[in-house]
Amino acid sequence: MAAIPGGADHAHDHDHHQPSGIMRWVTTTNHKDIGSMYLWFSFAMFLVGGVMALVIRAELFQPGLQVVDPDRFNQMTTLHGLIMVFGAIMPAFVGFANWMIPLMIGASDMAFARMNNWSFWLLPPAAILLTSSLLVPGGAAASGWTLYPPLTVQMGIGMDMAIFAVHILGISSIMGSINIVTTLLNMRAPGMTLMKMPLFCWTWLITAYLVIAVMPVLAGAVTMILTDRHFGTSFFNAAGGGDPVLYQHIFWFFGHPEVYIIAIPAFGVVSQVIPAFSRKPLFGYASMVYATSSIAILSFIVWAHHMYTVGMPVAGQLYFMFATMLIAIPTGVKVFNWVATMWRGSLSFETPMLFSIGFLFLFTLGGFSGLVLSMTAVDIQLHDSYYVVAHFHYVMVAGALFSAYAGAYYWLPKWTGHMYDEKLGKLHFWLSIVFFNMTFFVQHFLGLAGMPRRIPDYSLQFAEFNMISSIGAFGFGLSQLVFLIVVLKCIKGGEKASAKPWDGAEGLEWTVPSPAPHHTFETPPVFK
Amino acid sequence: MSAVLSQSSEFSIEARRNCSMSPRALLTFFLVTCALSMAIAAAWAAVGVWWVFPFAGLEISALGLAFIAYGRRVGDFERIHLDDERLLVEVCEKTRVSRYEFAPAWAKVETRKVGFGSEVVVRCRDRQVTVGRYLDEKGRAKLARDLAGKLRERRF
């Protein structure tokens, strides 16, 4: 797609009329400032959730109880999941959306700039609620990120704090999604039809739609837990005639689309990066849009594959098995298109491309282990084992996180005005991919050998693989500090970035100078 | 925001806010979203999970309000018409139309630097109106040039 900015003037870049210091960030309505805040917040939460993961892996380094007691261990697994999903990965992609969507569609800002500010500033209180729940009597929620009853009906005030935090995070997501949908539908530059939007915008339109569709379900589910806990209802409490399995159905009706809420923007980022470093347009643009939409639609009808062991009728199991397998088709289309984009391209392997290829390879592996788990007979054997832990980390970490890094390295020159340190970026990639596989690949073997998840102690037969996994986890965790160094160095200085530092990059965002001026596209460009 | 321009031999120009989706399409999008969200809430209510309903209602209301808030600006426009008798400027904001009439012999067009860009002002004695807000910098400069030229023609 070629784009010509129709005389949009970016010379007047710096705003002289806004507050400075801390108040600039508190009161800002600028999409770039808010995007930056989302990205910093998500990285901070990624480190907090990562430290919790390291506590878990330290405990599992060898059999026996060494570091934390079992109750604290369960709290760590719960908060690690909640923080990584709601505090790290989701805000990271909302950060990308805030920064890049207006630039990509030629809009001056998001449709509702003040609401955008609110959406962000709801996050820190929620994060404080979640993390400080470790300090209250009874500790934090310890039921796993799925918050299954009856455990959740029995826990202390930490559970209420988690429910409240989930509500706040949900409100933030909904506000963000409404903003994104309104922006994408109404504020595209003249000439930019829906089917000419950059794929990242398409993936966010679909993601925002998913959020709008499923967030009320999560809100309803956690509110019902709250009323069961404090207001005498028995929705899920078997002692009062309730049905704990019903909660699992509700949660996963939200939870499976949630997986795609995380993964689909990741697909969007990779769909921007791979063509740029292949110096070819994305292969099969329309089929990518339809495949992404198909994945989103299918995500609504496969939820019970997370709960084959609760005692479903065989017909139900068969239905969910085949419906789940169907998702492999549009996902295969996407993987095929990414590979076809690279085919006979003029490839170069800068850090964003390395992370994209890493994403492609590892996400495909995670997809394959997902296919294994989709088979009811196999899943019943592997349910709640480390095979499942390995599977979803291949999808979430190698999928979402690697893609987020690809995006961050790709757009860092646009954000900061400087090129990042390529050597350090490549070091970050290679350390990450080696230690990631060291941590999680062996967990497939642990799961196949029968090690259950969410246990602080284990049988001696699992010792070696756990030791390898723990060493890998510490290596992976420390490797992420390299990224922090790269970003700080890039902000501080470095080689000046041109408006379009990647020769294969296409799109309106590359027509504005680097760093992107505070105000861009005050009048929309003409898109051809 | 951008503009949809039309210009005839008699100086006449209409500029509209850029909006990439028509109100009808936006309404269709909203109704489909509403139907999906309510269908999900109804299905859960049917098995006793009625708590989804109020949240879905709140959320869809918020989406509707957002679309209305944005949609109120969709019809905004600026219309400038110049003939031998008068210079007419119509500005529509949030469905409120303001009309300004000037005598061509006395009307002036000025370009002013404002903040980071410029604005075009049509002025006649102590009355003035800003125009060209839906145009980009080049478009505003052309508007000021063309309109000033046409006014000059009528003056002599």
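Residues numbered from 1 in each chain as written. Chains lettered and ligands numbered in written order. Predicted model: local features only at pLDDT ≥ 70, side-chain atom pairs only at ≥ 80, totals over all residues. Heavy atoms only, no water.

*Asks:* Help me understand the overall build of chain B, please; the structure alone is not making it clear to me.
*Replies:* In terms of regular secondary structure, chain B is built from three helices and seven strands. Each helix and strand of chain B, placed in order from N terminus to C terminus, yields the pattern β-α-α-β-β-β-β-β-β-α. The C-alpha radius of gyration computed for chain B amounts to 23 Å, which surpasses the reference 15 Å derived for 156 residues by more than 25%, pointing to a less compact arrangement than a globule. Projected onto its principal axes, the C-alpha positions of chain B cover 80 × 30 × 25 Å. Going through the 156 residues of chain B one by one, you find that 44% of them count as buried. Intrachain contacts of chain B at a sequence separation of at least 6 include 45% that bridge at least 24 residues. Only carbon and sulfur atoms are counted for the fraction: they give 58% of the accessible area of chain B, which is about 8,400 Å². (Helix = DSSP H or I, 4+ residues; strand = E, 2+ residues; numbered from the N terminus. Rg over C-alpha atoms; globule rule 2.2 N^0.38 Å. Buried < 20%, exposed > 50% of the residue type's maximum accessible area, 1.4 Å probe, protein only. Contact = heavy atoms within 4.5 Å. Areas by Shrake-Rupley, 256 points an atom, 1.4 Å probe, with all protein chains shown as cover.)

*Asks:* Help me understand the interface of chain B and chain A in this model?
*Replies:* You'll often see interface size given as the accessible area lost when the parts meet. Contacts between the two partners involve 35 residues from chain B and, on the opposite side, 43 residues from chain A. Our count for the contact surface shared by chain B and chain A stands at one residue pair in polar contact (both at pLDDT 80 or more). Those elements that place two or more of their residues in the side of chain B that touches chain A are helix 1 (23-46), helix 2 (52-71) and helix 3 (137-155) of chain B. The leading source of residues in the side of chain B that touches chain A is helix 2 of chain B, at ten residues. Taken together, the residues of the side of chain B that touches chain A sort by class into 24 nonpolar, six polar and five charged. (Polar contact = N/O pair within 3.5 Å; in protein donor to acceptor, adjacent residues only side chain to side chain. Nonpolar A, V, L, I, M, F, W, Y, C, P; charged D, E, K, R; others polar.)

*Asks:* Honestly, unusual backbone geometry in this entry has me stumped. Any pointers?
*Replies:* For residues that are not glycine, phi is negative in most cases, and the peptide bond is trans in most cases. Residue and element names in this part refer to chain A. Here the amide bond leading from Pro149 into Pro150 is cis, since omega sits at 5 degrees, within 30 degrees of zero. Residue position: Pro150 is located in the loop between helix 5 (123-132) and helix 6 (151-154). A cis amide bond links Ser514 to the next residue, Pro515, at an omega of -5 degrees. Following the sequence through the fold, Pro515 ends up in the loop between helix 17 (463-492) and strand 2 (526-527).

*Asks:* It is not clear to me how the nonpolar core should be interpreted in this structure. Could you clarify?
*Replies:* Looking at soluble globular proteins, one finds that nonpolar side chains tend to be buried together. If you look at the biggest cluster of nonpolar residues, it comprises 201 residues, and the most contacted ones within it are A:Trp204 and A:Trp338. Ranked by residue count, the leading element in this core is helix 3 (residues 70-105) of chain A, at 21 residues. Of all hydrophobic cores here, the second largest spans 23 residues; its members include B:Val109, B:Val131, B:Leu135 and B:Ala144. (Core = buried A, V, L, I, M, F, W, Y, C linked by side-chain atoms within 4.5 Å.)

*Asks:* Whenever I open this one, the pairing of strand 4 (residues 96-102) of chain B confuses me. Can you help?
*Replies:* On a regular strand, each side chain points to the face opposite its neighbour's, so the side chains alternate between the two faces of the sheet. All names here are of chain B. Here strand 3 (residues 87-93) pairs with strand 4 via seven bridges, running antiparallel. Each bridged residue has a counterpart across the sheet, and for Cys92 the counterpart in strand 4 is Val97. If you look at the hairpin formed by strand 3 and strand 4, you'll find two residues sitting between the two strands, and Lys94 has a positive phi there, around 50 degrees. (Pairing = 2+ DSSP bridges.)

*Asks:* Even after reading the chapter, I still don't get the packing of aromatic side chains, so can you show me in this structure?
*Replies:* Aromatic ring pairs are reported here in terms of the distance separating the ring centres and the angle at which the planes meet. Tallied over the full model, the rule gives 58 aromatic pairs over all chains. For the pair A:Phe267 and A:Phe363, a centre-to-centre distance of 5.3 Å together with 80 degrees between the ring planes defines the contact as edge-to-face. With a gap of 96 residues between them, A:Phe267 in helix 9 (residues 244-278) and A:Phe363 in helix 13 (residues 351-374) connect regions that are remote in the sequence. As far as burial versus exposure is concerned, A:Phe267 and A:Phe363 are alike and both buried. Seen in terms of ring centroids, A:Phe359 and A:Phe363 are 5.2 Å apart; in terms of plane orientation they differ by 15 degrees. Their pairing is stacked. Of this pair, A:Phe359 and A:Phe363 both sit in helix 13, four residues apart, which is roughly one turn of that helix. By relative accessible area, A:Phe359 is classed as buried at 0%. Under the relative-accessibility criterion, A:Phe363 is labelled buried at 9%. We note B:Arg125 situated over the ring of B:Trp106; from NZ or CZ to the ring centre the distance is 5.3 Å. (Phe/Tyr/Trp six-rings, centres within 6.5 Å; stacked < 30°, edge-to-face > 60°. Lys NZ or Arg CZ within 6 Å of the ring centre and 35° of its normal.)

*Asks:* Is there a simple way to explain the sheet that holds strand 3 of chain B in this structure?
*Replies:* Sheet strands pair by backbone hydrogen bonding; their relative direction is either parallel or antiparallel. All names here are of chain B. Strand order in the open sheet formed by four strands is 1-2-3-4, with antiparallel pairing between adjacent strands. For this open sheet the edge positions go to strand 1 (12-16) and strand 4, each flanked by a neighbour on one side alone. In this sheet, adjacent strand axes meet at a mean angle of 10 degrees when their direction is disregarded. Where strand 2 (residues 77-82) lies against strand 3, six bridges are found, and the strand directions are antiparallel. What sits directly across from His81, in strand 3, is Leu88. Packing against the sheet, helix 3 makes contact with strand 1, strand 2 and strand 3, and its axis sits at approximately 25 degrees to strand 2. (Axes fitted to C-alpha atoms, helices over the stretch in contact; angles between N-to-C directions.)

*Asks:* Can you help me understand helix 2 (residues 31-59) of chain A in this one?
*Replies:* Residue and element names in this part refer to chain A. With 29 residues, helix 2 should cover 42 Å at 1.5 Å per step; its first-to-last C-alpha distance of 42 Å lies within 8% of that length. Summarising burial for helix 2: 22 of the 29 residues are buried, a large majority. A distance of 2.7 Å separates the backbone nitrogen of Lys32 from a side-chain oxygen at the start of helix 2, and that oxygen is part of Asn30. (Expected span 1.5 Å × (residues − 1).)

*Asks:* Looking at this model, I keep getting lost on the packing of helix 2 of chain A against helix 17 of chain A. Mind explaining?
*Replies:* Axes are the key here: two packed helices are described by the angle between their axes and the distance separating the axes. All names here are of chain A. Where helix 2 contacts helix 17, the two axes come as close as 10 Å, and the packing angle between them is 160 degrees. As far as their axial angle goes, helix 17 and helix 2 are roughly antiparallel. For the pair helix 2 and helix 17, the crossing hand works out as left-handed. Residues Trp40, Phe43, Phe46, Leu54, Arg57 and Ala58 of helix 2 form the contact with helix 17, whose own contacting residues are Asn466, Ser469, Ser470, Ala473, Phe474, Gln480, Phe483, Leu484, Val487, Leu488 and Ile491. (Parallel < 35°, antiparallel > 145°, perpendicular 65-115°, else oblique. Left-handed = near helix turned anticlockwise from the far one by under 90°.)

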